[in-house]
Amino acid sequence: MSPRRSFFQNAWVVDDVEASARAWAEQARIGPFFLFPHLSLEKPAYRGRPSTVDISLALAQVGPMQIELIQQHDEGPSQYRDSVPAGQDAIHHVAAFSDDLEADLAYYERIGVELAFSGLVAGTRVLYFDTHRSIGCMTELVERTPSIEELFGHIAEAGATWDGTEPIRLLPLD
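The structure contained in this document is the topic of the report that follows.

1. Considering the sheet that holds strand β6 (residues 65-72)
- What the eleven strands build is an open sheet, ordered β4-β3-β8-β9-β10-β7-β1-β6-β5-β2-β11; its pairing is mixed. Each edge of the sheet is formed by a strand with only one pairing partner; in this case those strands are β4 (49-50) and β11 (168-170).
- Pairing of strand β1 (residues 7-13) with strand β7 (residues 90-98) involves six bridges; the strand directions are antiparallel. Residue alanine 11 lies in a different strand from β7, and its bridge partner there is histidine 93.
- Sitting on the sheet, helix α1 (residues 17-28) touches β1, β2 (33-39), β5 (55-62), β6 and β11, and the angle it makes with β6 is about 150°.

Put into structure tokens, the structure is as follows:
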């Protein structure tokens, strides 16, 4: 495990994912945003217990940085509500790839950082660590897999060639 991380994503929890994506596209000129409405999370566990959370998210790429916008539709406890109250928009996490999630999990446990969430998104394991109080936001680790690299590559290519049209697009996850 490398002592350094290469973060590729900044993420915000927002009150309205589509309105936020449109604002980012218009004001920051970042797009297109790929919308994943009511995303299904597989095997979600919040703070060690099985959970459910109803979220929609939107992803866009600008240069080397991916922007993620997340809207939680329900009022249940979650890693999102831990740091961003309902009705507010705020930075939530930074994300990096992991080539060894088990080693990374052991590392965070060893330094006393709690695992806030684990689950699968589109078949890819993701872990959220509660670094909110120490660095101001959560830390997400995404398992590096060919399928997630293909998805993120598609989003990056669209961002590199975006002409300002169709700022929000649907992209189904298989």
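2. Points about the pattern of salt bridges
- Applying the stated criterion to the full structure yields eight salt bridges.
- Residues arginine 144 and aspartate 99 are paired through a salt bridge, measuring 2.8 Å at the closest nitrogen-oxygen approach. You can see arginine 144 sitting in the loop between β10 (138-143) and α4 (146-160) and its partner aspartate 99 sitting in the loop between β7 and α2 (101-110), a full 45 residues away along the chain.
- For arginine 144, a relative accessible area of 38% puts it in the partly exposed group.

3. Observations concerning the packing of aromatic side chains
- Evaluated as defined, the whole model comprises eight aromatic pairs.
- Relative to phenylalanine 97, the ring of phenylalanine 8 has its centre 4.5 Å away and its plane inclined at 20°; by these criteria the two rings are stacked. Separated by 89 residues along the polypeptide, phenylalanine 8 in strand β1 and phenylalanine 97 in strand β7 bring together distant segments of the chain. Exposure class is identical for phenylalanine 8 and phenylalanine 97. Each is buried.
- Between tyrosine 108 and phenylalanine 129, the aromatic rings sit 4.1 Å apart at their centres with planes inclined by 20°, giving stacked as the arrangement. Here phenylalanine 129 lies in strand β9 (residues 124-129) and tyrosine 108 lies in helix α2, a separation of 21 residues in the sequence. An identical accessibility class is assigned to tyrosine 108 and phenylalanine 129; each is buried.
- The rings of Phe8, Phe97 and Phe152 are connected pair by pair, giving a single aromatic cluster.

4. Some details on the pairing of strand β8 (residues 115-121)
- For β8, a buried count of five out of seven residues is recorded, marking the element as mostly surrounded by other parts of the structure.
- Direction of pairing for strand β3 (residues 41-46) relative to β8: antiparallel, over a ladder of four bridges. Each bridged residue has a counterpart across the sheet, and for alanine 45 the counterpart in β8 is serine 118.
- Of the pairings in the sheet, the one linking β8 to β9 comprises six bridges and is antiparallel in character. Within β9, the position partnered with valine 121 by the bridge is threonine 124.
- Hairpin connection, β8 to β9: the antiparallel pair is bridged by two residues, and alanine 122 has positive phi, about 55°.

5. As for the nonpolar core
- Formed by 29 residues in total, the largest nonpolar core has its most connected members in Phe36, Ile55 and Phe152.
- Contributions of two or more residues to this core are made by β1, β2, β5, β7, β8, β9, β10 and α4.
- At five residues, α4 tops the list of elements feeding residues into this core.
- Setting aside its immediate chain neighbours within four residues, phenylalanine 152 contacts Phe8, Leu59, Gln66 and Phe97.
- One finds Ala21, Ile30, Ala58 and Ile168 within the second-largest nonpolar core, a separate group that totals eleven residues.

6. Comments concerning a negative patch on the surface
- Residues Asp15, Asp16, Glu18 and Asp89 make up a contiguous surface patch of negative charge.
- For aspartate 15, the location among the structural elements is in the loop between β1 and α1.
- For aspartate 15, a relative accessible area of 45% corresponds to the partly exposed category.

7. Points about α2
- Every buried residue of α2 is listed here: Leu101, Asp104, Leu105 and Tyr108. Projected down its long axis, α2 shows its buried positions confined to an angular sector of 100°, all on one face.
- For α2, the elements touching its buried residues are β7, β8, β9 and β10.
- Just downstream of α2, glycine 112 is the residue with a positive phi angle, here 85°.

The rules behind these values
Residues numbered from 1 in each chain as written. Predicted model: local features only at pLDDT ≥ 70, side-chain atom pairs only at ≥ 80, totals over all residues. Heavy atoms only, no water. Pairing = 2+ DSSP bridges. Helix = DSSP H or I, 4+ residues; strand = E, 2+ residues; numbered from the N terminus. Contact = heavy atoms within 4.5 Å. Axes fitted to C-alpha atoms, helices over the stretch in contact; angles between N-to-C directions. Salt bridge = Lys/Arg side-chain N within 4 Å of Asp/Glu carboxyl O. Buried < 20%, exposed > 50% of the residue type's maximum accessible area, 1.4 Å probe, protein only. Phe/Tyr/Trp six-rings, centres within 6.5 Å; stacked < 30°, edge-to-face > 60°. Core = buried A, V, L, I, M, F, W, Y, C linked by side-chain atoms within 4.5 Å. Patch = residues over 30% accessible without salt bridge, like charges linked within 9 Å, V, L, I, M, F, W, Y side chains within 5 Å. Areas by Shrake-Rupley, 256 points an atom, 1.4 Å probe, with all protein chains shown as cover. Lys, Arg positive; Asp, Glu negative; His and termini not counted. Charge placed at Lys NZ, Arg CZ, Asp CG, Glu CD. Arc of directions from axis to C-beta.

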